[in-house]
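Structure assessment
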Amino acid sequence: MSTRRLSVAVAVLASMILASTACVKSDNATHEVFNDPDGSPGYALPDQPRVVALGWSDGAVAAELGVPPVAVYDWMGFGAATKGVGEWDAAAFGGATPELISAQSAGEFNMQQIEELDPDLILDVRAEADSAVVDNLRKIAPVVTAPDGTADYAVNWQTQAEIIGAALGKRDEAGKIIAETTDAQQTVKREHPEFANKTFVYGAKFGTAYGAYLAGDARFDFFAELGFVPNPPITRLQSSGFFAQVPVERVGDLDAQTALFTTIGLPFADLENDTLINSLAVVRDGRAVKLPENDPTVQALSAGTPKSLRFALDRITPQLARIAAAG
């Protein structure tokens, strides 16, 4: 064979190899969507399944159940140092480091990247309820989502753990980690009856506006499970899933008996020096906790997994007790 013909043959062979690696799965099968925490999935997984976790904290929950994913969407920008999850869950990956899908893609999924990971299962539970995205994902592997009718990113932490546990064949393990967190919260609630029925706000400053987390989000539900109740004006604001925007003229709605304030994408100094927030009685009277968004407690509450909530509980309880004692 001439050198030229050999070069052409090698080029053709190389292009065939590249084409085959770009499309890991060549079948046109449409896989199951599983979203029932009480149901049983209609697929079988190998003993060590390749799991790709795309939803917020889905990968951390899987790791807590003993199934560390091969890829994690790093929503909170934790980075490789803690395996794309919080410090409380990094050890669950052992010596392995999952492929991290950057949060800079803002929820956009590269389907070819996901396909090349050759997953046995895709977790997209605490995520945007987008049927078009799910339809594309289920061409690659079975997909686990939130129950029908759940607002974007608004699945509660217990249901998220239950669905992922059922999907992975780890239902008993899911029940155990949920119970451990619930028991820890109930212990604090019993030890601190002064928390009961105090109005509470988990507020945030972002851009030139404010907002508050609502029931259904782990950041608020965590405090409700300790006995706190929503500040009524916040419940009457127009909400977007788990979050309500608070216009500047309604900043007084954040003036609960107890509050936690943080920032979203702003320097902490912007919150510390905010004249409107500082004018609230809850702040003036020392009944509010202010924390930067990169504080481990805030990150743990934002992650909203059974283990991260226990981590946050240990850190925030002394501060809440101090606030309750103040009035």
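Residues numbered from 1 in each chain as written. Predicted model: local features only at pLDDT ≥ 70, side-chain atom pairs only at ≥ 80, totals over all residues. Heavy atoms only, no water.

**Comments concerning the sheet that holds strand β6 (residues 143–145)**
Heads up, the rule is: Here, any two strands with at least 2 DSSP bridges between them count as paired. Strands here are runs of E lasting at least two residues and helices are runs of H or I lasting at least four, both read from the DSSP assignment and numbered beginning at the N terminus.
Strand order in the open sheet formed by six strands is β1-β6-β5-β2-β3-β4, and the pairing between neighbours is parallel. At either end of the open sheet lies a strand with only one pairing partner, and these are β1 (33–34) and β4 (99–102). Two elements, strand β3 (residues 71–74) and β4, share four bridges in a ladder whose sense is parallel. The partner of tyrosine 73 across the bridge, within β4, is isoleucine 101.

**Quick look at empty space enclosed by the protein**
If a probe the size of a water molecule is rolled over the atoms, the empty space left behind becomes visible. Stated formally: The rule is simple: put a 1 Å grid over the protein atoms alone, call a set of points where a 1.4 Å probe fits but cannot get out a cavity, call an open set with protein on both sides within 12 Å along at least five of seven lines a pocket, and count a residue as lining if it has an atom within 4 Å of a point. Grid points are joined across faces, edges and corners, and a volume is the space filled by probe spheres set on the points. Residue classes follow a fixed rule: Ala, Val, Leu, Ile, Met, Phe, Trp, Tyr, Cys and Pro count as nonpolar, while Asp, Glu, Lys and Arg count as charged, and any other residue, Gly among them, counts as polar.
One pass over the full model with this rule turns up one cavity of 30 Å³ or more. Of the volumes computed, that of the largest cavity is approximately 110 Å³. Lining the largest cavity we find 16 residues, and of these Ser57, Ala60, Phe78, Gly84 and Val85 sit closest to its centre. Elements represented by at least two residues in the lining of the largest cavity include exactly α2 (58–64) and β3. Looking at which element gives the most residues to the lining of the largest cavity, the answer is α2, with three residues. Broken down by class, the residue content of the lining of the largest cavity amounts to 10 nonpolar, five polar and one charged.

**A few points about the packing of aromatic side chains**
Keep this limit in mind: To pair, rings of Phe, Tyr and Trp, with the six-membered ring standing in for Trp, must have centres within 6.5 Å; the planes then decide the type, stacked if under 30 degrees apart, edge-to-face if over 60, and tilted in the middle.
Within this structure, the stated rule accounts for 16 aromatic pairs. Aromatic side chains phenylalanine 78 and tryptophan 88 sit 5.9 Å apart centroid to centroid with 90° between the ring planes, which places their arrangement in the edge-to-face category. Note that phenylalanine 78 is positioned in the loop between β3 and β4 and tryptophan 88 in the loop between β3 and β4, a separation of 10 residues in sequence. Consider the rings of phenylalanine 195 and phenylalanine 228, whose centres lie 5.0 Å apart with planes at 25°: the pair is stacked.

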